[in-house]
Amino acid sequence: MIFSSFEFFVFLGLVLAILSQVRDEGARRNVLLVVSYLFYGWWDWRFCFLRFGTTLIDYLVARRIETASAPRRRRAWLLASLISNLGVLVIFKYMNFFIGSLAPLLQSAGIEVPHLKIILPVGISFFTFQSMSYVIDVYRGSLRATRNLRDFTLFVAFFPQLVAGPIVRGSEFLPQMDYFHPLKRSNLQAGMETFIRGFTKKALFADTLAVYVDPVFAHPAAYASLTCWLAVTAYAAQIYYDFSGYTDMAIGLGRMLGFEFPVNFRHPCRSLNITEFWRRWHITLSSWLRDYLYIPLGGNRSGRARTYVNLMATMLLGGLWHGASWTFVVWGALHGVALAVHKFFTERRGPSRAGEGGLPQALLSWAGTFVFVLITWVFFRSSDFDTARVMLSKMAFFDPSGVRWYHVQAITVLVLAVLLHVSAVLRGDRSPRLDLGRPLAWSGLAALLLVILLFAPFGSNPFIYFQF
Amino acid sequence: MRQAFFRRYARRHQLVFIDPSDEFRSEFERTHQPRHGFQNSVMGSGHINAPGHEVLGGLLARAIVAETR
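Residues numbered from 1 in each chain as written. Chains lettered and ligands numbered in written order. Predicted model: local features only at pLDDT ≥ 70, side-chain atom pairs only at ≥ 80, totals over all residues. Heavy atoms only, no water.

Visitor: Break down the overall build of chain A for me, citing the residues and quoting the values.
Guide: Tallying secondary structure elements over chain A gives 17 helices and zero strands in all. Structurally, chain A occupies a C-alpha span of about 65 × 65 × 55 Å along its principal axes. By the burial criterion, 52% of the 468 residues in chain A qualify as buried. Contacts in chain A between residues far apart in sequence, at least 24 positions, make up 77% of those at least 6 positions apart. In the structure as shown, chain A presents an accessible area of about 21,900 Å², 66% of it carried by carbon and sulfur atoms. The average position of the 44 basic charges and that of the 26 acidic charges among the side chains of chain A differ by 6 Å. (Helix = DSSP H or I, 4+ residues; strand = E, 2+ residues; numbered from the N terminus. Buried < 20%, exposed > 50% of the residue type's maximum accessible area, 1.4 Å probe, protein only. Contact = heavy atoms within 4.5 Å. Areas by Shrake-Rupley, 256 points an atom, 1.4 Å probe, with all protein chains shown as cover. Lys, Arg positive; Asp, Glu negative; His and termini not counted. Charge placed at Lys NZ, Arg CZ, Asp CG, Glu CD.)

Visitor: Quick rundown of the pattern of salt bridges? Include the residues and the values.
Guide: Applying the stated rule across the entire model yields 24 salt bridges over all chains. Across the pair Arg197 of chain A and Asp248 of chain A runs a salt bridge, and its minimum N-O distance is 3.4 Å. Taken together, the residues span a long stretch of sequence, with Arg197 of chain A in helix 8 (residues 185-218) and Asp248 of chain A in helix 9 (residues 225-256) at a distance of 51 residues. Under the relative-accessibility criterion, Asp248 of chain A is labelled buried at 9%. Its salt-bridge partner being Arg25 of chain B, residue Asp22 of chain B comes within 3.2 Å of it at the nearest N-O pair. Taken together, the positions of Asp22 of chain B and Arg25 of chain B, both in helix 2 (residues 21-31) and three residues apart, correspond to about one turn of that helix. The exposure class of Asp22 of chain B is exposed, given its relative accessible area of 54%. The class for Arg25 of chain B is partly exposed, based on a relative accessible area of 49%. The network of salt bridges with shared partners includes Glu25, Arg28, Arg29, Arg150 and Asp151 of chain A. (Salt bridge = Lys/Arg side-chain N within 4 Å of Asp/Glu carboxyl O.)

Visitor: Give a description of the nonpolar core that names residues and reports values.
Guide: All names here are of chain A. Residues Phe8, Phe39, Tyr134, Phe159, Phe173 and Trp377 are the most contacted members of the largest nonpolar core, which totals 128 residues. Here this core gets 18 residues from one element, more than from any other, and that element is helix 9. Each of two domains, domain 1 (21-177) and domain 2 (187-467), supplies a minimum of three residues to this core. Apart from the residues lying within four places of it in its own chain, the contact partners of Tyr134 are Asp58, Ala62, Leu143, Arg144, Ala145, Thr146, Phe152, Phe155, Gly170 and Leu174. (Core = buried A, V, L, I, M, F, W, Y, C linked by side-chain atoms within 4.5 Å. Domains from an automatic or database assignment.)

Visitor: Describe helix 5 (residues 124-140) of chain A, listing the residues and the values that go with them.
Guide: Residue and element names in this part refer to chain A. Look at helix 5: 24 Å from first C-alpha to last across 17 residues, which is about the 24 Å you get at 1.5 Å a residue. Most of helix 5 is tucked away: 15 of the 17 residues are buried. Just downstream of helix 5, Gly141 is the residue with a positive phi angle, here 85°. (Expected span 1.5 Å × (residues − 1).)

If you want it as structure tokens, here you go:
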């Protein structure tokens, strides 16, 4: 059940109708828990047990960590949680990847390599990281272990952010459990505005771009160089609108139900360097990697060389987090190298002052960052290295001939995207608001829905990040 | 298979049969531009486009000239 599908709208309507009739906060949370598991079970009910199992382990482990006084025991409990969470991740997500990667070696030794039929549970990377952050925070003493299993289970399974984030930490969600969450008109209105913004990004922008991107990435050799450049640019916009659209819908749903989720995107396409890009792109993942991987590895506290190694290790694992494929590892490695290079030059040159170098330097920095990010998306989107190689050789004009296809709708969406980004930058990173409190906004909403009905591709495509 | 059926049917009823497939294919190999699809749809699929009509028009013209000689 994806957020942009008809069945989800029916589901949401029913949830809101039930909640409007429930006055007791405990009963409301019970309803939210049941519908969250229903939402997850809609895809495959068997994985509800897996989900609850890992939740129960982390709930119990966190309580043990808090009550244990000896540091060794606390560490042992933390290790138990990490093994359980990462074990589930390895088995369901990476087993075939590891077996496949070792296959040539094993086969040369005469060992037959099986391909296991493993279904990847939706959202496994997200809920595993979410749950792990809670246990680590309790271990570090920055968060009290909750004594309410229902609240903790709701934190891990809450349907708005269940399958593709944002990665909400226990320290962000559990304190909200100290308050009541009745349905409020103001929350419903603000949440609906954010949800509609996300729906528009997904249905009108991302899905329209997918019509162009998918055929070009399926057979890049058949297309002209400029078409390949346009398709990669369209993919950069598609993945941004797809994922930030999903995030907006998740944040909006949470708000409708009275919960606040962290921001996940801050107009990443305006970044002037790669470090800034990662402060604006998938913020809940990049900050998770920083706090639970980069800093524990030593961060920048153990000398320059070690800092670069830590950055590389973090980004390699960040790449692998996205998918069990070497193309994702290369994507992460390229970003790791770029972050290390940027850090090296920043440290040599010292911090730059605002406006230093003027507009030409800013434009050059922006263009360099944008083109680099575009090139790395080739590895992210390509199904294998051969596709990436062909796409990159096309982009390098080694073989510029091919089908010249400049999709009118994709170009229109890209122009709109540029205008929206520029307008957001001029407004201090704020996106345009619908403000449903004004009567005129409802006319705007009706016009928007009409545009979506007329121009959005038929059917609801799954969100890109659902596969992670 | 469908082309073979139409070819047989045309022969049986003494109709002129024009199969543009080879011409479309060789034109694509020459120009790398598909004769189906438009910039606002998916290139290489769907209805024939302006260059496709041009190829088809040429084939028709040649067939008409040949028939009326």
